[in-house]
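Descriptive structure summary
Next come the chains, spelled out residue by residue.
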Amino acid sequence: MSGGPAWRGKTSLGKSIARALGRKFMRVSLGGVPTRPRSRTPSHLRGVAAGRIVQGMKKAGSNNPVFMLDEIDNWGTTSAGIRSALLEVLDPEQNHAFSDHYLEVPFDLSKVMFIATANILDPVPPALRDRLEVLEIPATPAKRS
């Protein structure tokens, strides 16, 4: 996970990683994802961005892209369904059998390299942070001597 203030090149870093690995790059912004219940959404799925991961994979046209989950700090403290889905996606012990419960489609995410970004690390729950390596990007570039 890369953490740091907005406009510090976190997305550019993700694109560079994808290019260096010869993989496609896919970015899904999690900021502003609706978290209010919808009347037709089953209670265990309320707040989950329906099918965003599988839709992103389809759009990438690849089963092994570098997949950026942008602004994970804006999602971290919302519904339990969102936290549970993110924990499953980011856990290598579980993501080979990821199940998109909204679309009811099983999907193997084990070949995907996930990169998450956050402007602030504090809102990201500890259980989620434990599944991530954190690379902090400073607010101000270091001065060169």
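Residues numbered from 1 in each chain as written. Predicted model: local features only at pLDDT ≥ 70, side-chain atom pairs only at ≥ 80, totals over all residues. Heavy atoms only, no water.

Here the focus is the environment of Leu109. Relative to the helices and strands, Leu109 is located in the loop between β5 (105-107) and β6 (113-118). On the accessibility criterion, Leu109 (0% relative accessible area) is buried. Between the alpha carbons of Leu109 and Asn95 there is a distance of 5.2 Å; along the sequence they are 14 residues apart. (Helix = DSSP H or I, 4+ residues; strand = E, 2+ residues; numbered from the N terminus. Buried < 20%, exposed > 50% of the residue type's maximum accessible area, 1.4 Å probe, protein only.)

Turning our eyes to something else, we now look at the side chain of Asp70. With respect to the helices and strands, Asp70 occurs in strand β3 (residues 66-70). Side chain to side chain, Asp70 and Thr117 meet in a polar contact 2.2 Å long. (Polar contact = N/O pair within 3.5 Å; in protein donor to acceptor, adjacent residues only side chain to side chain.)

So, on to the confidence of the model for the protein chain. Taken residue by residue, the protein chain gives an average pLDDT of 74. The fraction at 70 or more is 68%. When mean pLDDT is taken per element in the protein chain, helix α1 (residues 10-21) scores highest with 91 and strand β1 (residues 2-3) scores lowest with 52. Across residues 34-48, where pLDDT falls below 50, the model places 16 contacts with residues more than four positions away in sequence or in other chains. (pLDDT = per-residue confidence, 0-100. Contact = heavy atoms within 4.5 Å.)

The tally for this structure, following the rule as stated, stands at two salt bridges. A salt bridge links Asp70 to Arg27; the shortest N-O distance between them is 2.8 Å. In this pair, Asp70 is assigned in strand β3 and Arg27 in strand β2 (residues 25-29), connecting sequence segments 43 residues apart. (Salt bridge = Lys/Arg side-chain N within 4 Å of Asp/Glu carboxyl O.)

A few words on the packing of aromatic side chains. What the rule picks out here adds up to one aromatic pair. Ring geometry for Phe67 against Phe114: centres 5.5 Å apart, planes inclined by 50 degrees, an arrangement best described as tilted. Highlighted residues: Phe67 in strand β3 and Phe114 in strand β6, separated in sequence by 47 residues. Of the residues examined, Phe67 reaches a relative accessible area of 0% and is grouped as buried. For Phe114, a relative accessible area of 17% puts it in the buried group. (Phe/Tyr/Trp six-rings, centres within 6.5 Å; stacked < 30°, edge-to-face > 60°.)

With that out of the way, let us pick up helix α2 (residues 52-60). Each full turn of the α-helix corresponds to 3.6 residues, which orients residues three or four apart in the same direction. Three or more residues of α2 are buried, namely Ile53, Val54, Gly56, Met57 and Ala60. Down the axis, α2 shows its buried residues gathered within 160 degrees of arc, on one side only. Opposite the packed face of α2, turned more than 90 degrees from it, sit the exposed residues Lys58 and Lys59. (Arc of directions from axis to C-beta.)

Turning next to α1. Between its terminal C-alpha atoms α1 stretches 17 Å, which fits the 16 Å expected from twelve residues at 1.5 Å a residue. Among the residues of α1, those classed as buried are Lys10, Gly14 and Ala18. The buried residues of α1 occupy an angular sector of 85 degrees when the element is viewed end-on, so they sit on one face. In α1, the exposed residues that point more than 90 degrees away from the buried face are Arg19 and Ala20. After α1 finishes, the residue Gly22 shows a positive phi value of roughly 70 degrees. (Expected span 1.5 Å × (residues − 1).)

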